[in-house]
4 protein chains.
Amino acid sequence: MVKIAILGATGYTALELMKLLLRHPHAEITALTSREETAPVNIVHPSLTGRLSLRLENLPAEEIAKRADCVFSCLPHTATAAIAPALLDRGLKVIDFGADYRLDSADVFKKWYGVDHPDADRLGKVPYGLPELFRSKIIGASLVANPGCYPTSAILPLAPLLKNDFVEADDIIIDSKSGVSGAGRKPSMKTVYPECNEAISAYGVGTHRHTPEISQILQTAGGKEVKIIFTPHLTPMDRGILSVSYSKIKKEGLTQEMILDTLRNFYKDEPFVQIVDALPTTKDVIHTNRCHITSRIVGGRILMISVIDNLIKGASGAAVQNFNILFGFPETTALL
Amino acid sequence: MVKIAILGATGYTALELMKLLLRHPHAEITALTSREETAPVNIVHPSLTGRLSLRLENLPAEEIAKRADCVFSCLPHTATAAIAPALLDRGLKVIDFGADYRLDSADVFKKWYGVDHPDADRLGKVPYGLPELFRSKIIGASLVANPGCYPTSAILPLAPLLKNDFVEADDIIIDSKSGVSGAGRKPSMKTVYPECNEAISAYGVGTHRHTPEISQILQTAGGKEVKIIFTPHLTPMDRGILSVSYSKIKKEGLTQEMILDTLRNFYKDEPFVQIVDALPTTKDVIHTNRCHITSRIVGGRILMISVIDNLIKGASGAAVQNFNILFGFPETTALL
Amino acid sequence: MVKIAILGATGYTALELMKLLLRHPHAEITALTSREETAPVNIVHPSLTGRLSLRLENLPAEEIAKRADCVFSCLPHTATAAIAPALLDRGLKVIDFGADYRLDSADVFKKWYGVDHPDADRLGKVPYGLPELFRSKIIGASLVANPGCYPTSAILPLAPLLKNDFVEADDIIIDSKSGVSGAGRKPSMKTVYPECNEAISAYGVGTHRHTPEISQILQTAGGKEVKIIFTPHLTPMDRGILSVSYSKIKKEGLTQEMILDTLRNFYKDEPFVQIVDALPTTKDVIHTNRCHITSRIVGGRILMISVIDNLIKGASGAAVQNFNILFGFPETTALL
Amino acid sequence: MVKIAILGATGYTALELMKLLLRHPHAEITALTSREETAPVNIVHPSLTGRLSLRLENLPAEEIAKRADCVFSCLPHTATAAIAPALLDRGLKVIDFGADYRLDSADVFKKWYGVDHPDADRLGKVPYGLPELFRSKIIGASLVANPGCYPTSAILPLAPLLKNDFVEADDIIIDSKSGVSGAGRKPSMKTVYPECNEAISAYGVGTHRHTPEISQILQTAGGKEVKIIFTPHLTPMDRGILSVSYSKIKKEGLTQEMILDTLRNFYKDEPFVQIVDALPTTKDVIHTNRCHITSRIVGGRILMISVIDNLIKGASGAAVQNFNILFGFPETTALL
């Protein structure tokens, strides 16, 4: 039994993670931290009543190390990097839900996050936790940077196109739509029900922090510089991301069927990626760890259309997938 | 042109009021107050862009009196009663959206609101602004207590039954369902989108402050003591209230058609109350000042089923209706 | 491995059932029937892509008997009773999602469903599949009448009150609110998105077919005649039922805490029933097989407030729970 | 008083039109047609109870001509073109909500709509009813082609860019998101509540019929061939369209402020178009005839972001605007 601590357990990704881990035959949740709450977890998350009877606690690294073998951190950016070294030093494995270890460059981090990185030396050495692309690097790691939700939805369909040189790398537009749980659980004027119900809006246009993450990973995947325009939208639903990308065809004579076949082949051994013919809806995948992808050619561009659950494949499910890899369990454990 | 000041202009009822008044040929909005905001109103309410170009201001009573003939107060409870006397002394008319002048008794007020009433002497002398029942008292008044949203939805269908002695007055159950805008615009954990989307819950069971208001007004209407059980629910929609009441039949031989006829006759001259045959949905009346009512007899009880828009007939529309009465305009002005 | 056939596999309860059974270590889905569709199941239910690769087929009883040990029937009323005898004769076990075997009386069936019962001799001998109340009767049965969604939500909180003689049995009001999936998947004007979004309405007032089912089962539980008024509502959400019942207190001196303790004791060994202190929301239990219940005393009445997922505890989860009992698996298998 | 007939009065655009016209001081609705319904209009549209007391009728052109001066046609494509000539011959004015007279070419019509145009000679001579661009052509017309909802949302922000040669005309991507009312009121599997609630999906990718309409009108506006990629999405909300377009900058040195200033100047006399600084949400404009537009420059492309209400500025409000122009009323009558 692997003992698990979850840092920052009051939010939606932590809740989803707990629900998944409660189904895991080899994981036991032993500590839940919060800087503000000390209530039993079922007071903060009533859906856990009768399922988990821990309290939230404000715990230092030493105490966490005593109680857990593996830490999932749902802390805000820089908070994980502030505590991760102490946990790693004590031999724990750490899966970070945040952005602290996703970018390779401390400069890029500072540019987009506005602060100095607290653990800059580790940047570039931490595997990006998208097993479909980086499984071999995750195996044996002690720290994994769990991907952002938008990046997962955008990278899975685009990486094979770039690897196969099907599209121009410097003219990719990604238009993504996310459910409101992506904005977190903390009350704000933006997420009050009557503000975002019956409403759709673009936000973070040109400034969303997932932009450099998507570029960097696609660049790694494709081997050449990638330029993207990324526009996220707040959509009136709890969960789910739909990403539509528009890339300029580079390879002549490419057909829709060739693209779909290439993707089918690329992901043929992946249990969580399905290449589909019909246009998918987010509802096809919410509450699962799956990604459905299809493609269309329109007006000289390749449209890739993909759907995931932002809280599962875009966060907690991917984290459990990484956990399974780190500890040698079958990768689909607790995820089917 | 009647000059209008709106106190507490940042919320949803104020927004709805402004939209209605912008259609009123004899009203001009001249002042908007807020204790916190000083921005142009279209920054706080982007839907007013190009429609109203006032700023929010923190104004004392003297200044309001200089700029306005009539004040609509959307302030929280006790705040209106703290400023109303000064406005009335200066000759303004005041329509209070809050509960300050709805109850007749300072003791009842203290019991349910937990504080002493700042202007207790006026209690019992202020007309309750439900024109369908109290029009004659509103005419000529200088201060009107605009009804609560749940009370309007419950009182309109029940008052005729009590006046006609159709039902037992001491055994009335009211089960009401409201859209989330009824909870106001201020962010809170209860109204964050992913908390109340895809969810319905009862709240304030046995403790909601509209309980004594409904009892008192039904008592006034029916002439005998009324006992109610009132259960409100938070429903995943922006606006609308559906109230279903269950009353014990008192009058023998009563049929559904007799009840509907009695109501049709009772409200025959009312432009905003419709007695309908089919079961109504809140969607039939949202974005209008209308109330649709029907009735069924089931298992020895009369069920009254009514729908209103909580922000219009339940708040701002009723306020404009009262405004029209106070200033002698046709009652439906700006409300059709 | 128990081989499973699902009859009427195009709807929402069948989809939910398939998702649950795919997690069951001892169940294998081997046949899916439909009278209209012959497509692969993932065309009809895209969320099953890569998870189940059967086609829908129009199969006679003999063929079903060859392929399956256990049949879950999601067919409309009378259709299960038309095929069940042939399946039972061939030694299969049958779990009926419909109403065919829930009522004890063919006359009551005819009164509420408007048709003669095709298998009337069996009525009164089939266990009602609510394990929390009738587990001993389900064990060893070959046919189980899976409960209706509203009845489950209403019976679980009320049965202990009636058994303990806490409330008057002849004056119970049940006001229930359900998500739209309860209305099925077939397109109709009532369930078109813009008709039921942003809208709540009562329907089937005094006429809903779950009325006699609730009465009969509560009567069985409490041992005396029960009279209910039942009002269901269509609520703008996918799934979830909230039921609030209002019963007159019979036992003097009863307190809220005594009621909660009684229920806690009554359900102390039940893995899927939780007695909670705070008012629950449907969101606490959707996507689970759980029922959360609380109680309040208001104005001389006991209010019982309960929430379930209409598709799981109200249908497919309960069916799997019954399946586990019928075949001797731990009752929570595939349901946690 | 202009007498109005509405053809195809059972749908959502007709309902919205009736609500607008009921506020119009110079319009009287005198006939409502339907091929299927003959009920009073308030049975089909309960929200009109007490507001309009006509019945739906199946009326031939001669009868319509006797009762009306102006016809608003909400009929499906080709149905308006089948009856319009008879109405025009009798001196009526006709405003077509459908696509019959929007395209200039019968060949393009046949390509996208799959049928021959029943009144092809008129194509190219009917003004496109977007007053902000074609007001002078609408004045004095007897037939107006009311624009499609997506085209209005896309053309208003893009036309000024093309007229000013700010962007490349052959590389424009338009990603639009619409509420479900845009799919009409007829029940279908696509629009059943639980299919489209909590779900977003792209549809009609590369094939949506508004594609040639947008291209043609932008070409007319900009004077050069326009190539667009247009992707519509079904969004879980009743109404509202958000369109985000991505165009390649042509003019060097262009700044965001220059673009916004150009648009402000372009639309400075238009009562229904607002150029805003902040990113708009559909909620800013639903239930109004307004369009809010902003712009951002990202990665060498101009993003135009616009919002409208698909049923008002995208259909019925625009129709009333055209009606006001045709009959010489102030253009904002009944629309503020």
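Look a little higher up for the structure.
To keep things clear, this report deals only with the structure shown in the data block. (Residues numbered from 1 in each chain as written. Chains lettered and ligands numbered in written order. Predicted model: local features only at pLDDT ≥ 70, side-chain atom pairs only at ≥ 80, totals over all residues. Heavy atoms only, no water.)

**Quick notes on the overall build of chain A**
When helices and strands are counted, chain A shows 11 helices and 13 strands. Radius of gyration (C-alpha) of chain A: 19 Å, near the 20 Å computed for a compact globule of 336 residues. Projected onto the principal axes, the alpha-carbon positions of chain A cover approximately 60 × 45 × 40 Å. Scored against the burial criterion, the 336 residues of chain A give a buried share of 65%. Long-range pairs, those at least 24 residues apart, make up 69% of the contacts in chain A with a sequence separation of at least 6. (Helix = DSSP H or I, 4+ residues; strand = E, 2+ residues; numbered from the N terminus. Rg over C-alpha atoms; globule rule 2.2 N^0.38 Å. Buried < 20%, exposed > 50% of the residue type's maximum accessible area, 1.4 Å probe, protein only. Contact = heavy atoms within 4.5 Å.)

**Things to note about the pairing of strand E1 (residues 2-7) of chain B**
In terms of burial, E1(B) is a largely internal element, five of the six residues being buried. One crossover worth recording links E1(B) to the parallel strand E2 (residues 27-33) of chain B by way of helix H1 (residues 12-21) of chain B, and it is right-handed. (Right-handed = clockwise from strand over helix to strand, strands pointing away.)

**Some thoughts on the interface of chain D and chain A**
Contacts between the two partners involve 41 residues from chain D, matched on the other side by 41 residues from chain A. Here chain D and chain A share an interface that buries about 3100 Å² over both sides, 64% of which is from carbon and sulfur atoms. Summed over the shared surface of chain D and chain A, the number is four salt bridges. Salt-bridge contacts for Lys177(A) lead to Asp175(D); the nearest nitrogen and oxygen are separated by 3.2 Å. Counting across the interface, chain D meets chain A through 18 residue pairs in polar contact (both at pLDDT 80 or more). The set of elements that each furnish at least two residues to the side of chain D that touches chain A consists of strand E7 (167-178), helix H8 (193-196), strand E8 (201-202), strand E9 (228-234), strand E10 (241-249), strand E12 (291-298) and strand E13 (301-308) of chain D. The element contributing the most residues to the side of chain D that touches chain A is E7(D), with five residues. (Buried area = accessible area lost by both parts, 1.4 Å probe. Salt bridge = Lys/Arg side-chain N within 4 Å of Asp/Glu carboxyl O. Polar contact = N/O pair within 3.5 Å; in protein donor to acceptor, adjacent residues only side chain to side chain.)

**Focus: the relation of the copies chain D and chain A**
Each copy superposes on the other: chain D lies on chain A with an RMSD of 0.0 Å after a rotation of 180° and an axial shift of 0.0 Å. One copy is carried onto the other by what is essentially a two-fold rotation axis. When each C-alpha of chain D is compared by its distance to the rotation axis, Pro236(D) comes out closest, at 3.1 Å. Of all interface residues in chain D, 100% are interface residues in chain A too; the two copies therefore contact each other through one and the same surface. (Least-squares fit on C-alpha atoms with pLDDT ≥ 70 in both.)

**Observations concerning helix H7 (residues 149-163) of chain B**
Residues and elements named next belong to chain B. With 15 residues, H7 should cover 21 Å at 1.5 Å per step; its first-to-last C-alpha distance of 22 Å lies within 8% of that length. Of all bends in H7, the biggest is about 40°, found at Ile155, and the proline Pro157 comes one to four residues later. Of all 15 residues in H7, 14 are buried; the element is thus mostly enclosed. Asp165 sits one or two residues past H7 and shows a positive phi near 60°. (Expected span 1.5 Å × (residues − 1). Bend = angle between axes of the 7 residues up to and from the residue.)

**What to know about the pattern of salt bridges**
Applying the stated rule across the entire model yields 92 salt bridges over all chains. In this structure, the salt-bridge partner of Lys313(A) is Glu132(A), at a minimum N-O distance of 2.9 Å. Residue Lys313(A) is found in helix H11 (residues 312-327), and its partner Glu132(A) is found in helix H6 (residues 131-138); the two are separated by 181 residues along the sequence. The exposure classification of Lys313(A) matches that of Glu132(A), with both residues buried. Residue Asp165(D) pairs with Lys250(D) through a salt bridge whose shortest N-O separation is 3.1 Å. Separated by 85 residues along the polypeptide, Asp165(D) in the loop between helix H7 (149-163) and E7 and Lys250(D) in the loop between E10 and helix H10 (256-266) bring together distant segments of the chain. Judged by relative accessible area, Lys250(D) falls into the partly exposed class, the value being 36%. Residues joined in a network through salt bridges with shared partners are Asp171(A), Lys248(A), Arg301(A), Asp171(D), Lys248(D) and Arg301(D).

**Here we look at the packing of helix H6 (residues 131-138) of chain B against helix H11 (residues 312-327) of chain B**
All names here are of chain B. Where H6 meets H11, the axes come as close as 11 Å, and the angle between the chain directions of the two elements is 35°. In this structure, the crossing between H6 and H11 has a hand that is right-handed. The segment H6 lies against H11, with Pro131, Glu132, Arg135 and Ile138 engaging Lys313, Gln321, Asn322, Ile325 and Leu326. Residue composition of the contact of H6 with H11, by class: four nonpolar, two polar and three charged. (Axes fitted to C-alpha atoms, helices over the stretch in contact; angles between N-to-C directions. Left-handed = near helix turned anticlockwise from the far one by under 90°. Nonpolar A, V, L, I, M, F, W, Y, C, P; charged D, E, K, R; others polar.)

**Some points on the sheet that holds strand E4 (residues 70-73) of chain B**
Residue and element names in this part refer to chain B. Here we have six strands laid out as an open sheet, ordered E3-E2-E1-E4-E5-E6, and parallel in their pairing. A single partner strand is all that each edge strand has here, and the edge strands are strand E3 (56-57) and strand E6 (143-145). Pairing of E1 with E2 involves six bridges; the strand directions are parallel. Bridging across to E2, Ala5 finds its partner in Ala31. Across the sheet, H1 touches E1, E2 and E4, and the angle it forms with E1 is around 165°. (Pairing = 2+ DSSP bridges.)

**Focus on the side chain of Asp96(D)**
All names here are of chain D. Here Asp96 shows up in strand E5 (residues 93-96). One buried charged residue, Asp96, forms no salt bridge at all, with the nearest opposite charge on Arg102 at 6.5 Å. When near neighbours in sequence (up to four residues on either side) are disregarded, Asp96 contacts Ser73, Thr80, Tyr101, Val144, Ala145 and Asn146. (Lys, Arg positive; Asp, Glu negative; His and termini not counted.)

**Notes on the packing of aromatic side chains**
According to the stated counting rule, one finds 38 aromatic pairs over all chains in the structure shown. Their ring planes at 45° and their centres at 5.7 Å tell us that Phe72(D) and Phe323(D) sit as a pair that is tilted. A residue pair is termed long-range when its members are at least 10 positions apart, and Phe72(D) in strand E4 (residues 70-73) and Phe323(D) in helix H11 (residues 312-327) qualify at 251 residues. Overall, the relative accessible area of 0% leaves Phe72(D) in the buried class. You can call Phe323(D) buried: its relative accessible area is 0%. Where Phe327(D) meets Phe329(D), the ring centres are 6.5 Å apart and the plane angle is 15°; that geometry is what we call stacked. Taking the relative accessible area as the measure of exposure, Phe329(D) reaches 18% and is therefore buried. An aromatic cluster is built from Phe72(A), Phe97(A), Phe323(A), Phe327(A) and Phe329(A), whose rings are joined through pairwise contacts. (Phe/Tyr/Trp six-rings, centres within 6.5 Å; stacked < 30°, edge-to-face > 60°.)

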